[in-house]
Amino acid sequence: MDPYEGFREFVRGRQRSLMRTAYLLTGDALQAEDLLQTVLMRAARHWRRLADGNPEAYVRRALVNEHTSWRRRRRAETLTAQPPDLRTGPDPGDESLTRMALQRALMRLTPRQRAVLVLRYYEDRSVEETADLLNCSQGTVKSQTSHALGRLRTLAPELADLLHDVDPEEVTQ
């Protein structure tokens, strides 16, 4: 019996979605590939046990946990010659500049806050699903979401129009 039976199909079917999640967590395509590869190697070793449950939930949770571990190990900051000018922002009509500003702001959030926003708003997960994936309470998801959105508004005021669409009541549901 092949110990990886079904694993290859799982990876083929979910690779793009998992890679998007890894990219949103890391903010870098190469780091996202490394993160996903590390997690998939671990999942492959335990595939027989995972195949009977919910392997996608395991892999998504493992992505978040592994990324958090990487961040703890690497606390170095990137220094630049000039600090960024926070008074000016991108042209709100330019979608690519808005996306880059959002990515920069997301990278300044804590790993947990970033994970909550990625799962809730990018992957459109419910509070309950997000809590299950992050192994925390629903109240923690709600408070982390609220804090993260508030911090995004502070870090990137140029994204106010984008963040204006997030209903505060939706955060607590």
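Just above sits the structure.
This one's a predicted model, so the numbers in the text were calculated from it and none came from an experiment.

Draft legend 1. Seen up close, the packing of helix α6 (residues 111-122) against helix α7 (residues 127-134). One can describe the packing of α6 onto α7 by two numbers: an axis separation of 10 Å at closest approach and a directional angle of 135°. If you check the angle between α6 and α7, you find them oblique. Both α6 and α7 take part in a crossing whose hand is right-handed. Each of Arg112, Ala115, Val116, Leu119 and Arg120 in α6 lies in contact with α7, whose residues at this interface are Val127, Thr130, Leu133 and Leu134. Residues belonging to the contact of α6 with α7 are distributed by class as follows: 6 nonpolar, 1 polar and 2 charged.

Draft legend 2. Seen up close, unusual backbone geometry. We note that Asp124 has phi near 55°; this positive angle belongs to a residue other than glycine. The topology assignment puts Asp124 in the loop between α6 and α7. Residue classification places Asp124 among the exposed residues on the basis of a relative accessible area of 64%. A positive phi is found at Asn135, a non-glycine position, where the angle reads about 55°. Residue position: Asn135 is located in the loop between α7 and α8 (138-155). Residue Asn135 is classed as exposed on the basis of its relative accessible area of 63%.

Draft legend 3. Fine view of the packing of aromatic side chains. Inspection of every chain in the model, using the stated rule, returns 2 aromatic pairs. Centre to centre, the rings of Phe7 and Trp47 are 5.1 Å apart; their planes meet at 70°, and the pair counts as edge-to-face. One end of the pair, Phe7, is in helix α1 (residues 7-26); the other, Trp47, is in helix α3 (residues 47-51), with 40 residues separating them in the sequence. Comparing Phe7 with Trp47 shows no difference in burial state: the two are buried. Arranged with centres 5.3 Å apart and planes meeting at 40°, the rings of Phe10 and Trp47 form a pair that is tilted. One end of the pair, Phe10, is in helix α1; the other, Trp47, is in helix α3, and 37 residues separate them in sequence. Take Phe10: its relative accessible area is 11%, and that puts it in the buried class. Chaining the aromatic ring pairs together yields one cluster made of Phe7, Phe10 and Trp47. A cation over a ring is seen here: Arg120 above Tyr121, with NZ or CZ 5.5 Å from the ring centre.

Rules and cut-offs
- Residues numbered from 1 in each chain as written.
- Predicted model: local features only at pLDDT ≥ 70, side-chain atom pairs only at ≥ 80, totals over all residues.
- Heavy atoms only, no water.
- Axes fitted to C-alpha atoms, helices over the stretch in contact; angles between N-to-C directions.
- Helix = DSSP H or I, 4+ residues; strand = E, 2+ residues; numbered from the N terminus.
- Parallel < 35°, antiparallel > 145°, perpendicular 65-115°, else oblique.
- Left-handed = near helix turned anticlockwise from the far one by under 90°.
- Contact = heavy atoms within 4.5 Å.
- Nonpolar A, V, L, I, M, F, W, Y, C, P; charged D, E, K, R; others polar.
- Buried < 20%, exposed > 50% of the residue type's maximum accessible area, 1.4 Å probe, protein only.
- Phe/Tyr/Trp six-rings, centres within 6.5 Å; stacked < 30°, edge-to-face > 60°.
- Lys NZ or Arg CZ within 6 Å of the ring centre and 35° of its normal.

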